[in-house]
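Working through the structure, step by step
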Amino acid sequence: MNQHDLSDLRAEFDKFVKNSCSTDDCNTNDGGDKEDEEPVPQFVDALKSKLLAPAISGVYLSRLDIKRIAESIGESLPIKERANMVKALFRHTTKKEYLEEAFGEINKHINGRILIYQELGEAFPASKSIFDDYTDKAKKTMKMFEQIIEDFEEIEPSEDPLFI
């Protein structure tokens with residue numbers, strides 16, 4: 001390959017990089033979906049703030065935990081931020097049965113954590129009070145689910161979307 005061909009190839013490559021990979025007109029969006037901006041039922045924001053904070057809920061639910069919860073109730077969620085995953089899980093909630101099923105699966109995960117806390121409390125008696133505190137918080141979180149289900153009003157579809 002002669003030097004002239006190499007220079008032409010380099011110039012063509014630089015032009016390609018300048019035109020195709022320019023960051024000047026790059027969209028600085030964080031990669032969120034349009035779905036992340038859709039409205040959600042009222043309880044979801046309160047649920048996110050309480051459920052996703054281990055200091056409040058007593059447990060940490062990872063992205064994988066939330067994905068497993070969704071799969072166990074027949075939903076498919078992409079891996080995103082935990083808050084967006086919870087929003088997506090409850091975005092189209094219209095029936096109490098769906099809430100009962102979803103919260104039942106979340107309760108299974110929380111009960112698993114409670115069992116771990118009990119085992120750790122027995123294995124490390126000096127730290128038992130700390131684990132008991134997290135257990136109490138987890139149980140309060142599960143009671144919150146019961147209250148959400150009780151207060152939830154089902155949305156019945158109507159033929160006229162403006163009919164109230």
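Structure: see above.
Residues numbered from 1 in each chain as written. Predicted model: local features only at pLDDT ≥ 70, side-chain atom pairs only at ≥ 80, totals over all residues. Heavy atoms only, no water.

On to the side chain of Thr-93, then. Along the chain, the position of Thr-93 falls in the loop between helix H5 (82-90) and helix H6 (96-123). Take Thr-93: its relative accessible area is 3%, and that puts it in the buried class. Separated by 2.9 Å, the side chain of Thr-93 and the backbone oxygen of Phe-90 make a polar contact. (Helix = DSSP H or I, 4+ residues; strand = E, 2+ residues; numbered from the N terminus. Buried < 20%, exposed > 50% of the residue type's maximum accessible area, 1.4 Å probe, protein only. Polar contact = N/O pair within 3.5 Å; in protein donor to acceptor, adjacent residues only side chain to side chain.)

Summed over all chains, the structure comprises 6 aromatic pairs. With a centroid separation of 4.5 Å and 5 degrees between ring planes, the pair formed by Phe-103 and Phe-145 is classed as stacked. One end of the pair, Phe-103, is in helix H6; the other, Phe-145, is in helix H7 (residues 128-151), with 42 residues separating them in the sequence. Residue class for Phe-103 comes out buried when judged on its relative accessible area of 1%. The exposure class of Phe-145 is buried, given its relative accessible area of 1%. Against the face of Tyr-134 rests Lys-137, its NZ or CZ located 5.4 Å from the ring centre. (Phe/Tyr/Trp six-rings, centres within 6.5 Å; stacked < 30°, edge-to-face > 60°. Lys NZ or Arg CZ within 6 Å of the ring centre and 35° of its normal.)

Together, Glu-146, Glu-150, Asp-151 and Glu-153 line one region of the surface with negative charge. With respect to the helices, strands and loops of the structure, Glu-153 is situated in the segment after H7. Classification of Glu-153 as exposed rests on a relative accessible area of 67%. (Patch = residues over 30% accessible without salt bridge, like charges linked within 9 Å, V, L, I, M, F, W, Y side chains within 5 Å. Areas by Shrake-Rupley, 256 points an atom, 1.4 Å probe, with all protein chains shown as cover. Salt bridge = Lys/Arg side-chain N within 4 Å of Asp/Glu carboxyl O. Lys, Arg positive; Asp, Glu negative; His and termini not counted. Charge placed at Lys NZ, Arg CZ, Asp CG, Glu CD.)

Okay, the environment of Thr-135 next. In this fold, Thr-135 is placed in helix H7. In this structure Thr-135 comes out as buried when scored by relative accessible area, which is 6%. Put simply, Thr-135 and Gln-118 are 17 residues apart on the chain and 8.1 Å apart in space, counted from C-alpha to C-alpha. Those residues in contact with Thr-135 that sit more than four places away from it in its chain are Ile-114 and Tyr-117. (Contact = heavy atoms within 4.5 Å.)

What follows concerns the pattern of salt bridges. Inspection of the entire model under this criterion finds 6 salt bridges. Across the pair Lys-108 and Glu-105 runs a salt bridge whose closest N-O atoms are separated by 3.1 Å. A residue pair is termed a helical-turn pair when its members lie 3 or 4 positions apart in one helix, as Lys-108 and Glu-105 do in helix H6 at 3 residues. Note that Asp-133 is salt-bridged to Lys-137, the shortest N-O span being 3.7 Å. Taken together, the residues span about one helical turn, with Asp-133 and Lys-137 both in helix H7 at a distance of 4 residues.

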